[in-house]
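Commentary on secondary and tertiary structure
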Amino acid sequence: MTGRPFRIFLAALLVPVSCRPAEAPPLAQQAATPPLVVKLSAEAARAAGIETRVVGEAGLAPVLELTGTLAAKPWIPEEQTALSDAENADARLRLAEASFARTSRLHAEGIVARQDLDTAQAARDQARATAAEADARRANLGLSVDARTLESQAGIWGLASLPETDLSRARAGENVEVTTPAFPGRRFSAKVIGVSRSADPETRNFTVRIAVDDPAGQLHPQMLATFAIALPAPAGLAVPRSAVLLEGDGSYVYVAEESLFRKQAVRTGASTPDAVEVVEGLSRGQRVVVKGAQILESERLKSRFRPAEAD
């Protein structure tokens, strides 16, 4: 069979084959959910630069870093105004009360007229109302009557802006390191004296009052400054920051179990530039990967495309 009839016959044979749907690849070659365990021999782990470390106590020294300004007094402008207004109102009230008491005696002795007594009484009542209003504004800012006594604790103050979410972290007595662009590389010792009782109505931030140690008088009001507040070390476990993998659904580490490396979800807490507190997911004495976790993650993800090993 040659020529045109042969070509027609061959085409007829090929039509069913070309129309047949492509066969699916073997099940073992299809992408699947990668396992949570990566197996590497000791030699392979060393060659990949995998390093591990035993999980121990946290030993963290977390730092809360805030920004703000230096000031001659430990008050923001609104607080300073409220204190001054209350003090002025109290002074006017004392003067009005003294005037009324004197006028009352003179009226009783028949020296001054009833009209003078009424005028003195009205002035006293007005002073009382003004003082009450000023005291209310002061109280709304969380300032006590003797708030001014705080000023004698430092010659220069730091006023740091504290987000509402960090309110529970800053406490009186904590040590602070103060830095300012005016003295690059210089750190001034300081201490938290207190936190404002009222938040800024616009930013919702509180004010941390920090007494700065500046015996040479190098710092001046209105300087910008950064305040690093040393927080209490948490009682728990910690791992190097390099051990933690951050993903969309949480944090993970690789736990080393001889030749197996298991991906483990953890819940983290406080952190420093070098370490992260682990609140949940690890136990003391476990060994975690501190170098090469990304390599293990890459190997784990690749495994979904590899053929399954024969049993």
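These lines cover the structure that appears in this document, whether it is placed above or below. Sequence order as written defines the numbering, with residues in each chain counted from 1. Totals for whole chains, interfaces and linings use all residues, but because this is a predicted model, local features are given only for residues with pLDDT of at least 70 and pairs of side-chain atoms are given and counted only at 80 or more. The basis for every side-chain value is the complete set of non-hydrogen atoms in the structure, without hydrogens or water.

**Quick look at the environment of Phe261**
We apply this condition: The way it works is that DSSP assigns letters per residue, a run of H or I at least four long becomes a helix, a run of E at least two long becomes a strand, and they are numbered from the N terminus. Only heavy atoms matter for contacts: two residues are in contact if any of them lie within 4.5 Å across the pair.
Position of Phe261 among the secondary structure elements: in strand β13 (residues 260–271). Setting aside anything within four residues of it in sequence, one finds Phe261 in contact with Leu36, Val37, Val38, Leu40, Ala45, Ile50, Thr52, Tyr254, Val255, Ala256, Val289 and Leu296.

**Re the nonpolar core**
Cut-off, in case you're wondering: Buried Ala, Val, Leu, Ile, Met, Phe, Trp, Tyr and Cys residues form a nonpolar core when they are joined through side-chain atoms within 4.5 Å. Three labels apply to residues, based on accessible area from a 1.4 Å probe with only protein chains included: buried if under 20% of the type maximum, exposed if over 50%, partly exposed otherwise in between.
Val208, Ile210 and Val212 are the most contacted members of the largest nonpolar core, which has 23 residues in total. Secondary-structure elements contributing two or more residues to this core are β4 (63–71), β5 (156–162), β6 (175–179), β7 (188–195), β8 (206–212) and β9 (224–230). When residues of this core are assigned to their parent elements, the largest contribution, four residues, is made by β8. Core analysis: the second largest hydrophobic core is formed by 13 residues, Val239, Ala243, Val244 and Val266 among them.

**Observations regarding the packing of aromatic side chains**
As a reminder of what qualifies: Any two rings among Phe, Tyr and Trp, with Trp reduced to its six-membered ring, count as a pair given centres within 6.5 Å; such a pair is stacked if its planes are under 30 degrees apart, edge-to-face if over 60, and tilted if neither. Each ring is checked for a lysine NZ or an arginine CZ that lies within 6 Å of its centre and within 35 degrees of its normal; such an atom marks a charge sitting over the ring.
Counted by the stated rule, this structure contains one aromatic pair. When the centroid spacing of 5.9 Å and the interplanar angle of 70 degrees are considered together, the rings of Phe183 and Phe188 count as edge-to-face. Residue classification places Phe183 among the partly exposed residues on the basis of a relative accessible area of 24%. The exposure class of Phe188 is buried, given its relative accessible area of 3%. In this structure, Arg124 packs its charged tip against the face of Phe100, placed 4.3 Å from the ring centre. When the ring centre of Tyr252 is taken as reference, the NZ or CZ atom of Lys263 above it lies at 4.5 Å.

**Focus on helix α3 (residues 77–108)**
For clarity, the threshold we go by: To estimate how far a helix should reach, multiply one less than its number of residues by 1.5 Å.
End to end, α3 covers 46 Å across 32 residues, agreeing with the expected 46 Å (1.5 Å per residue, within 8%). Positive backbone phi, at 80 degrees, marks Gly110, one or two positions downstream of α3.

**Considering the pairing of β13**
For clarity, the threshold we go by: Whether two strands pair depends on DSSP finding at least two bridges between them.
One ladder, built from three bridges, connects strand β1 (residues 37–39) with β13; its direction is antiparallel. Bridging from a neighbouring strand, Val38 pairs with Phe261 of β13. As judged from the seven bridges shared by strand β12 (residues 250–257) and β13, these two strands associate in the antiparallel manner. Residue pairing across strands places Val255 opposite Arg262, the latter belonging to β13. Relative to strand β14 (residues 275–280), β13 runs antiparallel, the two sharing three bridges.

**Focus: a nonpolar patch on the surface**
Heads up, the condition is: The patch calculation keeps residues exceeding 30% relative accessible area without a salt bridge and links them within 9 Å when they carry like charges or within 5 Å when they are nonpolar (Val, Leu, Ile, Met, Phe, Trp, Tyr). Only the protein chains shown count as covering a residue, and every accessible area follows the Shrake-Rupley method with a 1.4 Å probe. Basic side-chain nitrogens of Lys or Arg form a salt bridge, by our definition, when they fall within 4 Å of a carboxyl oxygen of Asp or Glu.
Nonpolar side chains collect at one region of the surface, where Leu36, Val37 and Leu260 lie side by side and expose about 230 Å² of accessible area between them. Here Leu260 shows up in strand β13. With relative accessibility at 32%, the residue Leu260 sits in the partly exposed group.

**As for the environment of Gly250**
Mapped onto the secondary structure, Gly250 falls in strand β12. Taking the C-alpha atoms as reference points, Gly250 and Ala265, separated by 15 residues in sequence, lie 7.3 Å from one another.

**Side note on the side chain of Asp214**
What counts, and what does not: As used throughout, the charge tally considers Lys and Arg to be positive and Asp and Glu to be negative, leaving His and the chain termini uncounted.
When you line up the elements, Asp214 lands in the loop between β8 and β9. Buried within the structure, Asp214 lacks any salt-bridge partner; Arg186 is the closest side chain of opposite charge, at an N-O distance of 5.6 Å. Once residues within four sequence positions are removed from consideration, Asp214 is found in contact with Ile156, Phe188 and Leu219.

**Let's talk about the packing of α3 against helix α4 (residues 114–140)**
Stated precisely, the cut-off is as follows: Under this scheme, a helix contributes an axis fitted over its contacting stretch, all axes are lines through C-alpha atoms, and angles between N-to-C directions fall in the 0 to 180 degree range. Comment on the angle field: the value is read as roughly parallel under 35 degrees, roughly antiparallel over 145, roughly perpendicular from 65 to 115, and oblique elsewhere. Should the near helix be turned counterclockwise from the far one by less than a right angle, the crossing is left-handed, whereas a clockwise turn marks it as right-handed. Amino acid classes used here: Ala, Val, Leu, Ile, Met, Phe, Trp, Tyr, Cys and Pro are nonpolar; Asp, Glu, Lys and Arg are charged; the rest, including Gly, are polar.
Orientation of α3 relative to α4, taken along the N-to-C sense of each, is 160 degrees, at an axis distance of 8 Å. Here α3 is positioned roughly antiparallel relative to α4, judged by the angle of their axes. Between α3 and α4 lies a crossing whose hand is left-handed. Per-class residue counts for the contact of α3 with α4 are 13 nonpolar, six polar and eleven charged.

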